[in-house]
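Survey of secondary and tertiary structure
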Amino acid sequence: MAGSVPTGAGGLLPDRHPQVDFFLCDIFDAIPKGDLATMEHPVFSLSTRPDRRVLNYEHNGARIEVVPSVKGLATIHDKDILIFCISQLMAAINAGRSVSRTLTLRAHDLLVATNRETSGDSYRRLRESFERLAGTRITTNIVTGAHEVTSGFGLIESWEILRRTRGGRMVSVSVTLSEWLFRAVLSKSVLTLSRDYFRLRKPLERRIYELARKHCGRQGSWRISVETLLKKSGSASPRRVFRKMLRDMIAADHLPDYEMAEEPGDIIRFAPRDRMVEAEGPPLSSAALEEARILLPGADIYAVEADWRRFWVSSGRPRLRAADRAFLGFCRARAASSEGG
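Note that the coordinates shown come from a computational prediction; the quantities given were computed from them, not determined experimentally.

**Things to note about the pairing of strand 5 (residues 102–106)**
Within strand 5, 4 of the 5 residues are buried, which leaves the element mostly enclosed by the surrounding structure. Pairing analysis gives 2 bridges linking strand 1 (residues 23–24) to strand 5, with the strands arranged parallel. Note that in strand 5 the partner of leucine 24 across the bridge is threonine 104. In this structure, strand 5 lies alongside strand 9 (residues 170–177), joined through 5 bridges in antiparallel fashion. Considered in strand 9, the bridge of leucine 103 is made with valine 175.

**Here we look at the pattern of salt bridges**
Across all of its chains, the model carries 28 salt bridges by this definition. In this structure, the salt-bridge partner of arginine 207 is glutamate 210, at a minimum N-O distance of 2.8 Å. Here the residue arginine 207 and the residue glutamate 210 both occupy positions in helix 6 (residues 203–215), the gap between them amounting to 3 residues, near one helical turn. Using a relative accessible area of 2% as the deciding quantity, one classes arginine 207 as buried. Owing to a relative accessible area of 1%, glutamate 210 belongs among the buried residues under this scheme. In this structure, glutamate 262 and arginine 247 form a salt bridge, with 2.9 Å as the shortest nitrogen-oxygen distance. Placement of glutamate 262 in strand 12 (residues 258–263) and of arginine 247 in helix 8 (residues 239–252) is noted, with a sequence separation of 15 residues between them. With relative accessibility at 37%, the residue glutamate 262 sits in the partly exposed group.

**A short note on the side chain of arginine 101**
Its location among the elements puts arginine 101 in the loop between helix 2 (79–94) and strand 5. Within the structure, the side chain of arginine 101 is placed 3.0 Å from the side chain of glutamate 157, a separation counted as a polar contact. Beyond its immediate chain neighbours, meaning those up to four positions away, arginine 101 contacts Glu157, Val175, Thr176, Leu177, Ser178, Glu179 and Phe182.

**A word on the sheet that holds strand 13 (residues 267–272)**
Sheet strands associate in pairs through backbone hydrogen bonding, adopting either a parallel or an antiparallel arrangement. The strand order across the open sheet built from 3 strands is 11-13-12, with neighbouring strands paired in antiparallel fashion. Pairing within the sheet leaves two strands with one partner each, and these edge strands are strand 11 (222–225) and strand 12. The mean inter-strand angle of the sheet, taken between neighbouring strand axes irrespective of direction, is 25°. With 4 bridges connecting them, strand 11 and strand 13 associate as antiparallel partners. Bridge pairing in strand 13 places isoleucine 224 opposite isoleucine 268. The strands touched by helix 6 are strand 11, strand 12 and strand 13; relative to strand 12, the strand with the most contacts, the crossing angle is about 95°.

What counts as what
Every chain begins its residue count from 1, and numbering advances along the sequence as written. Confidence filtering applies because this is a predicted model: local features only for residues at pLDDT of at least 70, side-chain atom pairs given and counted only at 80 or more, and all residues used for totals across whole chains, interfaces and linings. As a rule here, side-chain values cover all heavy atoms of the structure and leave hydrogens and water aside. When accessible area is computed with a 1.4 Å probe and restricted to protein chains, residues below 20% of their type maximum are described as buried, those above 50% as exposed, and intermediate ones as partly exposed. Counting from the N terminus, the helices are the DSSP runs of H or I reaching at least four residues and the strands are the DSSP runs of E reaching at least two. Paired strands, in this sense, are two strands between which DSSP finds at least two bridges. Definition used for salt bridges: Asp or Glu carboxyl oxygen within 4 Å of a side-chain nitrogen of Lys or Arg. By the criterion applied in these results, polar contacts are pairs of N or O atoms within 3.5 Å in which, for protein atoms, one can donate a hydrogen and the other can accept it, and in which residues neighboring in sequence qualify only through two side-chain atoms. Note on contacts: a residue pair qualifies if any of its non-hydrogen atoms lie within 4.5 Å across the two residues. Lines fitted to C-alpha atoms define the axes here, with helix axes fitted over just the stretch in contact, and angles between the N-to-C directions of these axes take values from 0 to 180 degrees.

Structure follows, in structure tokens:
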């Protein structure tokens with residue numbers, strides 16, 4: 001493989017995760033993942049119409065300028081493509097597979113994974129999403145993978161339809177991610193998203209969920225002023241309109257994983273729902289996770305860990321003398337069940 005160092009050369013350890021020319025997206029149950037940088041900072045347009053504004057954002061030393069193409073800015077719904085790609089890459093990395101920033105994917109798999117219709121019109125909209133992602137240019141100093149470099153790039157470097165149906169509908173697509181985004185994946189600067197994220201219809205709901213997921217995380221709650229939330233969301237609405245939209249979201253109460261509440265002082269509070277148990281339970285060692293990867297080759301071990309924690313909660317949160325042993329027993333039972341099936 002080009003560029004790899006032979007085992008033992010110069011006393012170096014073998015490259016256990018060499019990069020390949022392209023990566024085939026073939027993990028059908030990959031858990032949705034989002035990169036921390038675009039969850040934290042407003043990069044995508046929340047408009048449902050072509051948005052040709054130049055966006056400038058600065059917060060706590062992070063600076064972003066987002067410049068649209070003639071097709072308009074990339075939208076929060078276009079981001080589904082990046083989430084799909086990141087999810088596939090992270091599942092492969094967790095399984096010990098080699099990855100590349102050039103991915104080959106089936107358009108149908110992407111549509112299904114992101115809860116979209118598979119009609120002819122959906123394929124047309126998907127092509128438009130690729131065009132906006134490639135055309136939108138970003139200049140930023142945001143660090144990904146411990147590299148702080150002010151640079152300009154597209155969210156994806158390129159895309160190409162590799163195979164079509166007789167009617168011209170895309171079947172297989174090649175996508176090359178930006179180095180900036182690929183570094184975030186390699187450094188595992190990502191967070192797991194709820195699958196219900198793709199059921200959120202309104203752009204602002206998706207953006208608010210991202211911010212809650214990034215900032216609330218494992219805390220008991222997260223409070224933020226409406227003014228700061230407006231800035232971080234990237235919404236172009238006036239503050240009074242934005243506040244009304246937040247109140248509508250609070251009344252609807254269908255944000256995945258988190259509850260929203262309005263507090264005095266123009267403050268919005270986010271708190272994890274009871275069913276969000278991903279972080280509950282005793283910690284696991286890295287050795288246990290490595291052994292679990294051997295027991296369940298090809299599985300997303302972090303998703304398995306989340307399943308085990310849910311099982312632990314549903315069992316009444318019993319006291320565990322050896323959490324690693326209990327987790328590995330769960331993995332062995334799942335492996336045996338898979339073999340039996």
